[in-house]
Amino acid sequence: VQLQASGGGLVQAGGSLRLSCAASGRTFSSYHMGWFRQAPGKEREFVAAVSWSGSSTLLADSVKGRFAISRDNAKNTVYLQMNSLKPEDAAVYYCAARGSWAIPTMRQWGRYEFWGQGTQVTVSS
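The rules we used
- Residues numbered from 1 in each chain as written.
- Predicted model: local features only at pLDDT ≥ 70, side-chain atom pairs only at ≥ 80, totals over all residues.
- Heavy atoms only, no water.
- Helix = DSSP H or I, 4+ residues; strand = E, 2+ residues; numbered from the N terminus.
- Rg over C-alpha atoms; globule rule 2.2 N^0.38 Å.
- Buried < 20%, exposed > 50% of the residue type's maximum accessible area, 1.4 Å probe, protein only.
- Areas by Shrake-Rupley, 256 points an atom, 1.4 Å probe, with all protein chains shown as cover.
- Pairing = 2+ DSSP bridges.
- Disulfide = S-S within 2.5 Å.
- Polar contact = N/O pair within 3.5 Å; in protein donor to acceptor, adjacent residues only side chain to side chain.
- Contact = heavy atoms within 4.5 Å.
- Salt bridge = Lys/Arg side-chain N within 4 Å of Asp/Glu carboxyl O.

Visitor: Can you tell me about the overall build of the protein, naming the residues and giving the values?
Guide: Counting its regular elements, the protein contains zero helices and 11 strands. Computed over its C-alpha atoms, the radius of gyration of the protein comes to 13 Å, within 12% of the 14 Å expected for a compact globule of 125 residues. The principal-axis extents of the C-alpha atoms in the protein amount to approximately 40 × 30 × 25 Å. The buried share of the protein, taken over its 125 residues, is 45%. Counting only carbon and sulfur atoms, one obtains 47% of the accessible surface of the protein, whose full area is about 6200 Å².

Written out as structure tokens, the structure reads:
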């Protein structure tokens with residue numbers, strides 16, 4: 001499956017952005033999806049994951065209450081709604097896909113099989 005992330009940009013602290021990740025190729029609804037982010041000089045970190053049906057989601061503690069992940073299988077797209085953005089949320093955001101759902105490993109970027117190219121999110125203070 002090929003993934004294309006979009007929606008990043010420059011936003012003031014407290015603002016909102018919605019990232020999208022469009023999938024093509026293999027059956028999108030077969031895959032569980034995740035969002036990760038990587039800031040300069042830092043390791044890639046888990047942000048959110050959603051199961052193939054959308055019925056199960058996981059969020060990193062740092063974004064709970066501010067971010068939400070969802071998907072629309074009819075549009076082959078997964079979304080990351082980001083509200084109340086903070087300067088520390090600034091990073092390149094990546095979407096990723098994997099074929100299995102296992103809560104203990106959903107936060108591990110090495111367990112994802114396919115990756116998008118990333119979209120830059122910049123938050124000004």
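We are not done yet, so read on.
Visitor: I'd love a proper account of the pairing of strand 11 (residues 119–124), names of residues and values included.
Guide: Residues of strand 11 alternate between two faces, with T119, V121 and V123 buried on one and Q120, T122 and S124 left unburied on the opposite face. As paired strands, strand 2 (residues 9–12) and strand 11 are joined by four bridges and run parallel to one another. Residue pairing for strand 11: G9 is matched across the bridge by V121. Inspection of the sheet shows strand 9 (residues 91–98) paired to strand 11 by three bridges, in the antiparallel sense. Bridge pairing in strand 11 links V92 to Q120.

Visitor: A description of unusual backbone geometry should follow, citing residues and the corresponding values.
Guide: Notably, N76 is not glycine yet its phi reads approximately 55 degrees, a positive angle. Its place among the elements puts N76 in the loop between strand 7 (67–72) and strand 8 (77–82). At S84, a position not held by glycine, the phi torsion is positive, near 50 degrees. For S84, the position within the fold is in the loop between strand 8 and strand 9.

Visitor: Summarise the state of the cysteines; cite the residues concerned and give the values.
Guide: A full pass over the atoms with the stated rule returns one disulfide. Covalently, C21 is tied to C95 through a disulfide, its sulfur atoms 2.1 Å apart. Judged by the sign of its S-S torsion, about 65 degrees, the bond between C21 and C95 is right-handed. With C21 in strand 3 (residues 17–24) and C95 in strand 9, this pair connects stretches of sequence that are 74 residues apart. Each member of the pair, C21 as well as C95, is classed as buried.

Visitor: Lay out the side chain of R66 with the relevant residues and their values.
Guide: Among the structural elements, R66 can be located in the loop between strand 6 (57–59) and strand 7. Residue class for R66 comes out buried when judged on its relative accessible area of 11%. In terms of polar contacts, R66 uses its side chain to reach the backbone carbonyl oxygen of S84, at 3.0 Å. Every residue in contact with R66, bar those within four places of it in the chain, is listed here: Q81, M82, N83, S84, L85, K86 and D89.

Visitor: Before we move on, could you go through the pattern of salt bridges and cite the residues and values that matter?
Guide: Close approach of charged atoms allows side chains of opposite charge to pair. In this structure the tally under the stated criterion is four salt bridges. Across the salt bridge formed by E45 and R37, the nearest N and O atoms sit 2.6 Å from each other. Measuring nitrogen to oxygen at the nearest pair gives 3.2 Å for the salt bridge that ties K64 to D61. Sharing partners across several salt bridges, the network here consists of R37, E45, R66 and D89.

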